[in-house]
Amino acid sequence: MTPTPAVALTIAGSDSGGGAGIQADLVTFAAFEVHGTSAITAVTAQNTVGVSAVVTIDPDVIEAQVRSVTDDFMVRATKTGMLATAPIVERVAALAASGILGPLVVDPVMVSTTGATLLDADAVQAVRDALLPSAALVTPNRAEAELLTGIAITSIEAQRAAAQRLVELGARAALVKGGHLDGPDAIDILFDGRNVVELRAPRVWTRNDHGTGCTLSAAICACLARGLTLPRAVEEAKAYVTRGLADGADWGLGTGRGPFSHFAKGRPAVVA
Ligand SMILES: Nc1ncnc2c1ncn2[C@@H]1O[C@H](COP(=O)(O)OP(=O)(O)OP(=O)(O)O)[C@@H](O)[C@H]1O
Ligand SMILES: Cc1ncc(CO)c(N)n1
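Computed from a predicted structure; not experimentally measured.

About the thresholds
Residues numbered from 1 in each chain as written. Chains lettered and ligands numbered in written order. Predicted model: local features only at pLDDT ≥ 70, side-chain atom pairs only at ≥ 80, totals over all residues. Heavy atoms only, no water. UniProt positions renumbered as here; feature names shortened; annotations may be inferred. Helix = DSSP H or I, 4+ residues; strand = E, 2+ residues; numbered from the N terminus. Core = buried A, V, L, I, M, F, W, Y, C linked by side-chain atoms within 4.5 Å. Buried < 20%, exposed > 50% of the residue type's maximum accessible area, 1.4 Å probe, protein only. Contact = heavy atoms within 4.5 Å. Right-handed = clockwise from strand over helix to strand, strands pointing away. Near = heavy atom within 4 Å. Polar contact = N/O pair within 3.5 Å; in protein donor to acceptor, adjacent residues only side chain to side chain. Areas by Shrake-Rupley, 256 points an atom, 1.4 Å probe, with all protein chains shown as cover. Nonpolar A, V, L, I, M, F, W, Y, C, P; charged D, E, K, R; others polar. Pairing = 2+ DSSP bridges. Axes fitted to C-alpha atoms, helices over the stretch in contact; angles between N-to-C directions. Parallel < 35°, antiparallel > 145°, perpendicular 65-115°, else oblique. Salt bridge = Lys/Arg side-chain N within 4 Å of Asp/Glu carboxyl O.

Asker: Break down the UniProt feature "domain: Pyridoxamine kinase/Phosphomethylpyrimidine kinase" (unreviewed entry) in the protein for me, with residues and values.
Answerer: Per the UniProt record, the feature "domain: Pyridoxamine kinase/Phosphomethylpyrimidine kinase" (unreviewed entry) sits at residues 15-259. Along residues 15-259 the backbone is 40% helical and 19% strand, and the end-to-end C-alpha distance reaches 11 Å.

Asker: Residues and numbers for the nonpolar core, please.
Answerer: One finds Ile-11, Val-89, Leu-101 and Leu-131 to be the most contacted residues of the largest nonpolar core, which totals 48 residues. With near-sequence residues (within four places) excluded, Val-89 lies in contact with Leu-83, Leu-119, Ala-123, Ala-126, Val-127 and Leu-131. Ranked by size, the runner-up nonpolar core spans 29 residues in total, among them Cys-221, Ala-222, Leu-224 and Phe-260.

Asker: Can you explain the pairing of strand β1 (residues 7-15)? Please cite residues and give values.
Answerer: Burial within β1 is extensive, with nine of its nine residues counted as buried. After leaving β1, the chain enters helix α1 (residues 21-31) and then returns to the sheet as strand β2 (residues 35-46), a path that is right-handed.

Asker: Would you mind going over the site of ligand 2 in detail, with residue names and values included?
Answerer: Around ligand 2, the neighbouring residues are Gly-13, Ser-14, Ala-20, Gly-21, Gln-46, Met-82, Val-109, Ser-112, Leu-118, His-210 and Cys-214. Gln-46 is positioned with one of its side-chain polar atoms (N or O) 2.8 Å from a nitrogen atom of ligand 2. In isolation ligand 2 has 290 Å² of accessible area, and contact with the protein removes 94% of it. Tallied by class, the residues present in the shell around ligand 2 amount to five nonpolar, six polar and no charged.

Asker: How would you sum up the pairing of β2? Please name residues and give values.
Answerer: Here β1 runs beside β2; their pairing, made up of nine bridges, is parallel. What sits directly across from Ala-12, in β2, is Ile-40. Bridging between β2 and strand β3 (residues 51-56) involves five bridges; their strand directions are antiparallel. Bridge pairing in β3 links Ala-45 to Ala-53.

Asker: I'd love a proper account of the site of ligand 1, names of residues and values included.
Answerer: Around ligand 1 lies a shell of 18 residues, among which Lys-177, His-180, Asp-188, Val-204 and Lys-238 are the nearest. Measuring from an oxygen atom of ligand 1, one finds a side-chain N or O atom of Lys-177 at 2.8 Å. Between Gly-211 and ligand 1, the recorded distance is 3.4 Å, taken from a backbone N or O atom to an oxygen atom. For ligand 1, the accessible surface in isolation is 620 Å², of which the surrounding protein chains cover 93%.

Asker: Any details on the packing of helix α3 (residues 86-97) against helix α4 (residues 123-131)? Residues and values, ideally.
Answerer: Where α3 meets α4, the closest approach of the two axes is 8 Å, and the angle between their N-to-C directions is 10 degrees. On the basis of the axis angle, α3 is roughly parallel to α4. Between α3, through Ala-86, Val-89, Glu-90, Val-92 and Ala-93, and α4, the contact on the second element is made entirely by Ala-123, Ala-126, Val-127, Ala-130 and Leu-131. Of the residues belonging to the contact of α3 with α4, the class tally is nine nonpolar, no polar and one charged.

Asker: Explain the environment of Ala-152 to me, and be specific about the residues and the numbers.
Answerer: Locating Ala-152 in the fold gives a position in the loop between α5 (142-149) and α6 (156-168). When the C-alpha atoms of Ala-152 and Arg-142 are compared, they prove to be 8.6 Å apart, with 10 residues separating the residues in sequence. Every residue in contact with Ala-152, bar those within four places of it in the chain, is listed here: Glu-146 and Ala-158.

Asker: Account for the pattern of salt bridges, naming residues and giving values.
Answerer: A complete count under the given rule lists 12 salt bridges for this structure. The partner of Glu-168 in a salt bridge is Arg-165, and the shortest N-O contact between them spans 3.1 Å. In this pair, Glu-168 and Arg-165 are both assigned in helix α6, three residues apart and thus about one turn of the helix distant. Arg-200 is the partner of Glu-198 in a salt bridge, and the nearest nitrogen-oxygen pair spans 2.7 Å. A relative accessible area of 47% means that Arg-200 is categorised as partly exposed.

This is how it looks when you write it as structure tokens:
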């Protein structure tokens, strides 16, 4: 019999194409043998080519979803994805500050792989001011790190500077992702307030990268839920993403930026 799993919560948007958002998060939680719960912030009509419609959920309904989960389950860790609007960011930040979410991984989703806006312009400041101070980790990609810090990310040194700035802004740790930089390796920089760790993996040449960011933050959240330290959680998550990208590199799902593979053989080597 499988022992009772740890519980993780994702507060994020729905991607009808199943490659990113809530769908990617729940599949990733399952891959790490963590029970996944969810609070949906927005519904997107989305596929591998683009986003054709977005409806945001009332903050009261988002809070009700979160409280239904936290009132009944012991949530060990939470991640946020698409938060869409400033009022939603502020509501989630208040819930996080109240201490009911456990360690919080903030994936500051702003734009989809296909270029659609997933966070209102006036909500960026709310992420910076209200949400970062509750984040155990914030995981921006290149563009998100630039918007949050004002630092142009053109090198590893700039990634380090941005990670340090994000910690100054209140996050306990920052992972500045390098998927959108050039070079033979995909290099992410982790700064936990003391140490800088460089995570490096060979760049996979594929169009199927839809959902890598969501998957990475969900995998980190799952590992934290299982009791891993932050550096180990990030290491395991990065390995999961690299393996999935390679596994699905030749997939032909959709005609655009295809979904990431969660079907790579071999279980994630996670033991708390
Ligand atoms: N082609 C690639 N090969 C290997 N690793 C990659 C590749 N692209 C992205 N990654 C890794 O995937 C993770 C997500 O990084 P990325 O910078 O693409 O985030 P993102 O833009 O938020 O993702 P998304 O495309 O889902 O929005 C990081 O660990 C990054 O290094
Ligand atoms: C719902 C949703 N969340 C996050 C992303 C980021 O990839 C996306 N494309 N869609």
